[in-house]
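Now for the letters of each chain:
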Amino acid sequence: MFQKRQLRIIYLVILIIVLVLVYKSFTQHGPPAAEGDVEQTSGGNEAMLKPSAPVLVVVYYETLCPDSKNFVLHQLQPAFDRAPELMDIEFVPFGKASWTTKSDGSLEFDCQHGPIECEGNTIHACVVEAVREPRTRLAMVACMIQNNIMPRDIFYRCAKEHGLEIESIKKCYDSPHGAELLKVHGEATHALRPAVSFIPTVTLDGAQYVQKSILKDLFGNLCQVVAGRGPKPDVCK
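The rules behind the values
Numbers given for residues are sequential positions, taken from 1 along each chain in its written order. Where local features are concerned, this predicted model is filtered to residues with pLDDT of at least 70; where side-chain atom pairs are given and counted, the filter is 80 or more; whole-chain, interface and lining totals use all residues. Think of the side-chain values as coming from all heavy atoms in the structure, minus any hydrogens and water. The patch calculation keeps residues exceeding 30% relative accessible area without a salt bridge and links them within 9 Å when they carry like charges or within 5 Å when they are nonpolar (Val, Leu, Ile, Met, Phe, Trp, Tyr). The method behind every accessible area is Shrake-Rupley, applied with a 1.4 Å probe, and residues are considered shielded solely by the protein chains displayed. The working definition used for a salt bridge is a side-chain nitrogen of Lys or Arg within 4 Å of a carboxyl oxygen of Asp or Glu. The secondary structure listing takes helices from DSSP runs of H or I that are at least 4 residues long and strands from runs of E that are at least 2 residues long, numbered from the N terminus. Whether a residue is buried, partly exposed or exposed follows from its accessible area with a 1.4 Å probe, protein chains only, as a fraction of its type maximum: under 20%, in between, or over 50%, in that order. For two strands to count as paired, DSSP must find a minimum of two bridges between them. What counts as an axis is a line fitted to C-alpha atoms, over the stretch in contact for a helix, and the angles between N-to-C directions run from 0 to 180 degrees. Side-chain rings of Phe, Tyr and Trp (the six-membered ring for Trp) are treated as a pair once their centres are within 6.5 Å; stacked means planes under 30 degrees apart, edge-to-face means over 60, and tilted covers the remaining angles.

(A) Expanded view of a nonpolar patch on the surface. A cluster of nonpolar residues, I116, I149 and M150, forms a patch on the protein surface that exposes about 270 Å² of accessible area. Relative to the assigned elements, I116 resides in helix α4 (residues 115–130). Residue classification places I116 among the partly exposed residues on the basis of a relative accessible area of 35%.

(B) Fine view of the sheet that holds strand β2 (residues 87–93). Strand order across the open sheet formed by three strands is β2-β1-β5, with mixed pairing between neighbours. The sheet terminates laterally at β2 and β5 (201–204), the two strands that pair on one side only. Within the sheet, the average angular offset between the axes of one strand and its neighbour, ignoring direction, is 15°. Bridge analysis of strand β1 (residues 55–61) against β5 gives four bridges, and the strand direction is antiparallel. Residue V58 lies in a different strand from β5, and its bridge partner there is T203.

(C) Looking closely at the packing of aromatic side chains. In the structure shown here, the tally under the stated rule is five aromatic pairs. Pairing F94 with W99 gives two aromatic rings, centres 5.8 Å apart and planes at 80°, and the pair type is edge-to-face. Judged by its relative accessible area of 22%, W99 falls in the partly exposed class. Cluster of aromatic residues (ring-pair linked, three or more members): F94, W99 and F109.

Right under this line is the structure:
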């Protein structure tokens, strides 16, 4: 009889403990989210809400090339002004140039439109390295390429117009660093496949597609690339 009473007491204690634990499990959770609250998650729904990544537009150009000038001023800049969210722009100023390494280790360049273009390409290389804000970088390239026949003068004027710090960029193109940058752009240009046959050459996410079409209608080609990933953006409709 005594053992049965002990068992009942033990069962009762266990039941009480279970009830207490159950009660705590409910009371320790916060209240359900109110209507209109948004739960922050890191799952797939968040990814679905993010816009598509911009298209990487790489422009292989040279500073005294009329076709490069035309593309920057009449295709690239208007497309960016219309839909900057569609593109990330990188500039590769080199074109159909070449280089040799002299006996003292310095670099010597031979450019399609002569020494002035080599100087212009070097200045552009220093500018696109120094200026990483997309709109300002494009504005500087567009400003300089309008009249690059006197590269240093046009750089000073455009830098002042766009509020750039001049001395650090000047130090770049007056030093071996500017030549090294230009060589890097040359290596990138020579590595293109298919190889460069026309300047400018423009790649979209690394692909050359139909160059004639890109050079005449950059925005339309951007929209085609973006639409190939998913729904066409409103700006492209």
